Amino acid sequence: IPFCKRLCWFCACRTQGTKTLKPVSDYLTDLIHEARSIADHVPAATPMARLHLGGGTPTLLSGKQMRRLLSALFAAFPQTPDFEFSVEIDPTDAAPDVLATLADWDMTRASIGVQDFDPKVQQAIGREQSFAQTETIVQALRAGGVRSLNIDLLYGLPHQSAESLTATLDQVVSLR
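So, here's what we can say about the structure.

Reading the values: the criteria
Residues numbered from 1 in each chain as written. Predicted model: local features only at pLDDT ≥ 70, side-chain atom pairs only at ≥ 80, totals over all residues. Heavy atoms only, no water. Helix = DSSP H or I, 4+ residues; strand = E, 2+ residues; numbered from the N terminus. Rg over C-alpha atoms; globule rule 2.2 N^0.38 Å. Buried < 20%, exposed > 50% of the residue type's maximum accessible area, 1.4 Å probe, protein only. Areas by Shrake-Rupley, 256 points an atom, 1.4 Å probe, with all protein chains shown as cover. Lys, Arg positive; Asp, Glu negative; His and termini not counted. Charge placed at Lys NZ, Arg CZ, Asp CG, Glu CD. Core = buried A, V, L, I, M, F, W, Y, C linked by side-chain atoms within 4.5 Å. Contact = heavy atoms within 4.5 Å. Expected span 1.5 Å × (residues − 1). Arc of directions from axis to C-beta. Phe/Tyr/Trp six-rings, centres within 6.5 Å; stacked < 30°, edge-to-face > 60°. Axes fitted to C-alpha atoms, helices over the stretch in contact; angles between N-to-C directions. Parallel < 35°, antiparallel > 145°, perpendicular 65-115°, else oblique. Left-handed = near helix turned anticlockwise from the far one by under 90°. Nonpolar A, V, L, I, M, F, W, Y, C, P; charged D, E, K, R; others polar.

**What to know about the overall build of the protein**
- Counting its regular elements, the protein contains six helices and six strands.
- Against the globule reference of 16 Å for 176 residues, the protein gives a C-alpha radius of gyration of 17 Å, in line with a compact fold.
- Its C-alpha atoms put the protein at 55 × 30 × 25 Å along the principal axes.
- Counting the 176 residues in the protein, one finds 43% classified as buried.
- For the protein, the computed accessible surface area is about 9,400 Å², with 55% contributed by carbon and sulfur atoms.
- In the protein, 16 side chains carry a positive charge and 19 a negative one; their mean positions are 5 Å apart.

The structure is reproduced here in structure tokens:
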């Protein structure tokens, strides 16, 4: 999903900023059309083993948009018995209804974007979020039955030090 409500200054994803969901909705229409077209051209018995919704920010979708996308993808492609479904999650932009939708569709892994918890580092990279926001998302994902969580961290960021990185790592460890 190549859209973000904010553009992080360290990011190398091919994405664009948006203030409204209109271009996202148009993109979803095209993406669903493309998925159906591909499904029409591959053997019906070709199952999907992995689905990863990634960057930009898939969690900027509304719950309704996420349900629309997942309904179309899961209808177009049968899943293998060991199917894995992962999503990149921005803790500042993951509404409860989106997280619930992902859990309802049996998301197996969430990749939570953090980078660093130090406010000075976050301000320098354009990625401000509190530890509490991240902790809330982790708790919601676990309550929704998500089995695997990972947290994305970066080192070598502006204003980052060994001490600040160690503090971030300690906070991540506290999330278990």
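There is more to say after this.
**Focus on the nonpolar core**
- In terms of nonpolar packing, the biggest core is built from 40 residues, with Leu51, Phe85, Ile89, Met107 and Leu141 touching the most fellow members.
- Of the residues forming this core, the biggest block, seven residues, is contributed by helix H2 (residues 63-76).
- Contacts of Leu51, omitting those with residues within four sequence positions, involve Leu70, Leu73, Phe74, Phe83, Glu84, Phe85 and Ser86.

**Things to note about helix H5 (residues 131-143)**
- End to end, H5 covers 18 Å across 13 residues, agreeing with the expected 18 Å (1.5 Å per residue, within 8%).
- Among all positions in H5, only Phe131, Thr134, Ile137, Val138 and Leu141 are buried. On an axial view of H5, the arc spanned by its buried residues comes to 125°, and they lie on one face.
- Of the surrounding elements, those touching the buried residues of H5 are strand E4 (79-89), helix H3 (96-104), strand E5 (109-115), strand E6 (148-153) and helix H6 (162-174).
- In the segment just after H5, Gly145 is the residue with positive phi, at about 90°.

**Description of the packing of aromatic side chains**
- Within this structure, the stated rule accounts for four aromatic pairs.
- Judged by centre distance (5.5 Å) and plane angle (80°), the rings of Phe74 and Phe83 are edge-to-face. For the residue pair Phe74 and Phe83, the accessibility class agrees, reading buried in each case.
- Ring centres 5.2 Å apart and planes at 75° place the aromatic pair Phe117 and Phe131 in the edge-to-face group. Of this pair, Phe117 sits in the loop between E5 and helix H4 (119-125) while Phe131 sits in helix H5, and the two are 14 residues apart along the sequence. Note on accessibility: Phe117 and Phe131 belong to one class, buried.
- Among the aromatic residues, ring-to-ring pairing joins Phe74, Phe83, Phe85 and Trp105 into one connected group.

**Notes on the packing of H2 against H3**
- Packing of H2 against H3 brings their axes to within 8 Å, and their N-to-C directions diverge by 20°. With respect to each other, H2 and H3 are oriented roughly parallel. Between H2 and H3 the crossing geometry is right-handed. Along the contact surface, H2 presents Gly63, Met66, Arg67 and Leu70, while H3 presents Asp97, Val98, Thr101 and Leu102.
- Here the contact of H2 with H3 is composed, by residue class, of four nonpolar, two polar and two charged.

**Brief notes about the environment of Pro78**
- Tracing the chain through its elements places Pro78 in the loop between H2 and E4.
- For the pair Pro78 and Ala39, spaced 39 residues apart in the sequence, the C-alpha separation amounts to 9.8 Å.
- The residues contacting Pro78, other than those within four sequence positions of it, are Ala44, Thr46, Pro47 and Met48.

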